[in-house]
Amino acid sequence: MRYFLAALAGLTCFFAMPPVRAQNAARPAVTFNGQVATILYRNCSTCHRPGEAAPFSLLSYRDAATHGAMIATAVSARIMPPWRAQPASYAYRDERRLTDSEIALLRDWVAQGMPEGTGKPPEAPQFPSGWRLGEPDLVVEMPEPYHLKADGPDIYRNIALQLGLTEDKWITAIEMRPSARSAVHHVLYFADPNGRVHLKTSEGSEPGFSGMRAGGATVPLGGWAVGAQPQFFPEGLALRLPQGSDLVIQYHFHPTGKPEIEKSVIGLHFAKQPPSRSLISIQLPPVYSLFSGLDIPAGDRDFVIRDSYTLPVDIDAAGVSAHAHYLASKMKLTATLPGGEVKTLLAINDWNFNWQDQYYFRDLAALPRGTRLDAEIHWNNSAENPNNPSNPPVRVAWGEQSKDEMGALTLIAVPHVQTDYRALQRDVMAKRTAMAQQRIFADPSLLRKISELLAQ
Ligand code: HEC
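Analysis parameters
- Residues numbered from 1 in each chain as written.
- Predicted model: local features only at pLDDT ≥ 70, side-chain atom pairs only at ≥ 80, totals over all residues.
- Heavy atoms only, no water.
- Pairing = 2+ DSSP bridges.
- Helix = DSSP H or I, 4+ residues; strand = E, 2+ residues; numbered from the N terminus.
- Axes fitted to C-alpha atoms, helices over the stretch in contact; angles between N-to-C directions.
- Buried < 20%, exposed > 50% of the residue type's maximum accessible area, 1.4 Å probe, protein only.
- Polar contact = N/O pair within 3.5 Å; in protein donor to acceptor, adjacent residues only side chain to side chain.
- Donors = N, O, S within 2.8 Å, 3.2 Å for Na, K, Ca; no water.
- Tetrahedral: all angles 85-135°; square planar, octahedral: opposite > 155°, others 65-115°.
- Salt bridge = Lys/Arg side-chain N within 4 Å of Asp/Glu carboxyl O.
- Parallel < 35°, antiparallel > 145°, perpendicular 65-115°, else oblique.
- Left-handed = near helix turned anticlockwise from the far one by under 90°.
- Contact = heavy atoms within 4.5 Å.
- Nonpolar A, V, L, I, M, F, W, Y, C, P; charged D, E, K, R; others polar.

**Some points on the sheet that holds strand β13 (residues 303-310)**
Thinking step 1. Pairing within the open sheet is antiparallel, and its four strands lie in the order β13-β18-β15-β16. Each edge of the open sheet carries a strand with a single partner, namely β13 and β16 (342-348). Sheet twist, expressed as the average angle between the axes of neighbouring strands with direction ignored, equals 15°.
Thinking step 2. Note that β13 and strand β18 (residues 372-379) share eight bridges and pair antiparallel. Bridge pairing in β18 places Val 304 opposite His 378.

Spelled out as structure tokens, the structure:
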């Protein structure tokens, strides 16, 4: 991001120039107290405040004026607030996207010399030290802190927590409070229904262990990434957490330049009663493209993987999550309804590894049986991609390190009628198995790679 902003520094100079446009009577005078504070407080201060991941606060005139030029640049390029999704066919819940006129106001304010204005400023938002989603039903804490060194490669680490549940529960939301906010890049949550992963011995002097299978914890429970807000599943939907389960958290740590100590606190919210319909993930391509021939030549500007799936039953879609590493450039998930109408579920034109998010729809989106889902993911492995971690570019294949690649779009849905759940689940699994078989037949060396991954 810094690179990108540096590249736009020329524009910043333009914004900071004497207020030519201010003399234009058609442009209204913009002041902090008048218009700017409201925009910043509503869209920026949740993250731009002490104790959160953003590098500076936006809670006062002084905060805003100190960073004015940067703000104009970041919002004009739609880097901030972080929200990668283009407007789609279904409205998203909690959309963090400034309107064109809000962006114009911020730019005009900077161009006009960032006046504070007269009158009373709007009150800065209060953040009571409590949880963002309210008091959780169960709070658990990492038993031992993880000590991160100042520098070095990114670290993936699984840490298991015993929950001591004496009955099955239904998770409606998970809120994570990392202690080293800027070092925790993203986490994935899993349940281990056997409650055994916490017995696994730690590797090395720090708690936890590596490996992408989370020590055998089999039930994915979603995740959280820097910049993402914790969210409740829509419409009372929930994920089952069997009695006796361990919660396994797969951390992706990113060294910050100074030593950090991570000891997160996790709040779990439970449904009062089991939901009437079960959530299912439909991932395209399955296993983050493991069976899709993800092997990108050095210098390739536009390496594309596509995958499709036709719904065997009626479903209601709750949202989409996107995942890839540094080299991805854009991705799209569409639904072609049986009548031929094409709906965009998620389109990201400027993928950024730092802002992995889940995009929930405001209302469930009905997708009837026979609807075809089409996913398309693009990667740019040329030197022109400022996010390319290798210079000069090198060949990059599927793998779990952030310098390797992966990519998938995952539709989060429920069957329209619960009795279709098993049929849907079986069909999704059958598709995955068929792809795996085909791929291994074409490239037997893949079998060894997969066995190695599973053995971890
Ligand atoms: C969801 C959290 C979040 C929201 C909302 C958010 N920011 Fe940020 N912002 C961040 C984080 C985290 C960083 C540091 C990113 C990095 O260094 O890669 C950042 C960085 C920035 C930067 C500096 C970029 C740099 O190169 O260091 C600016 C300017 C900025 N934000 C402005 C804004 C403005 C203006 C808004 C509201 C319109 C906003 N942000 C909303 C999290 C957020």
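Continuing now.
**Focus: the side chain of His 48**
Thinking step 1. Mapped onto the elements, His 48 comes out in the loop between α3 (32-43) and α4 (61-66).
Thinking step 2. By relative accessible area, which is 10% here, His 48 ends up buried.
Thinking step 3. Of note is the side chain of His 48, whose polar atom sits 2.9 Å from the backbone oxygen of Phe 56.

**Observations regarding the pairing of strand β11 (residues 280-284)**
Thinking step 1. For β11, the tally of buried residues reaches four of five residues, placing the bulk of the element in the interior.
Thinking step 2. Pairing analysis gives five bridges linking β11 to strand β20 (residues 407-415), with the strands arranged antiparallel. Within the sheet, the bridge partner assigned to Gln 283 lies in β20 and is Thr 410.

**Focus: the coordination of the iron atom of the ligand**
Thinking step 1. Coordination sphere of the iron atom of the ligand, protein contribution only: His 48 (NE2) and Met 80 (SD), at 2.0 to 2.3 Å.
Thinking step 2. Each of the six donor atoms bound to the iron atom of the ligand contributes to angles spanning 85 to 179°, and the resulting shape is octahedral. In this pair, His 48 is assigned in the loop between α3 and α4 and Met 80 in the loop between α5 (68-76) and α6 (100-111), connecting sequence segments 32 residues apart.

**Some thoughts on the pattern of salt bridges**
Thinking step 1. Summed over the entire model, instances satisfying the criterion amount to 14 salt bridges.
Thinking step 2. Arg 240 is the partner of Asp 168 in a salt bridge, and the nearest nitrogen-oxygen pair spans 3.1 Å. Here Asp 168 is found in the loop between β3 (155-162) and β4 (169-177), whereas its partner Arg 240 is found in strand β7 (residues 239-241), with 72 residues between them in sequence.

**Regarding the packing of α3 against α6**
Thinking step 1. Relative orientation of the contacting elements α3 and α6 amounts to 125°, with a least axis distance of 10 Å. When the axis of α3 is compared with that of α6, the two are oblique. In the crossing of α3 with α6, the sense of the turn from one axis to the other is left-handed. For the pair α3 and α6, contact is made by Phe 32, Gln 35, Val 36, Ile 39, Leu 40 and Asn 43 and by Glu 102, Leu 105, Leu 106 and Trp 109, respectively.
Thinking step 2. Along the lines of polarity and charge, the residues of the contact of α3 with α6 split into seven nonpolar, two polar and one charged.

Shape is all these values report; function is a separate question.
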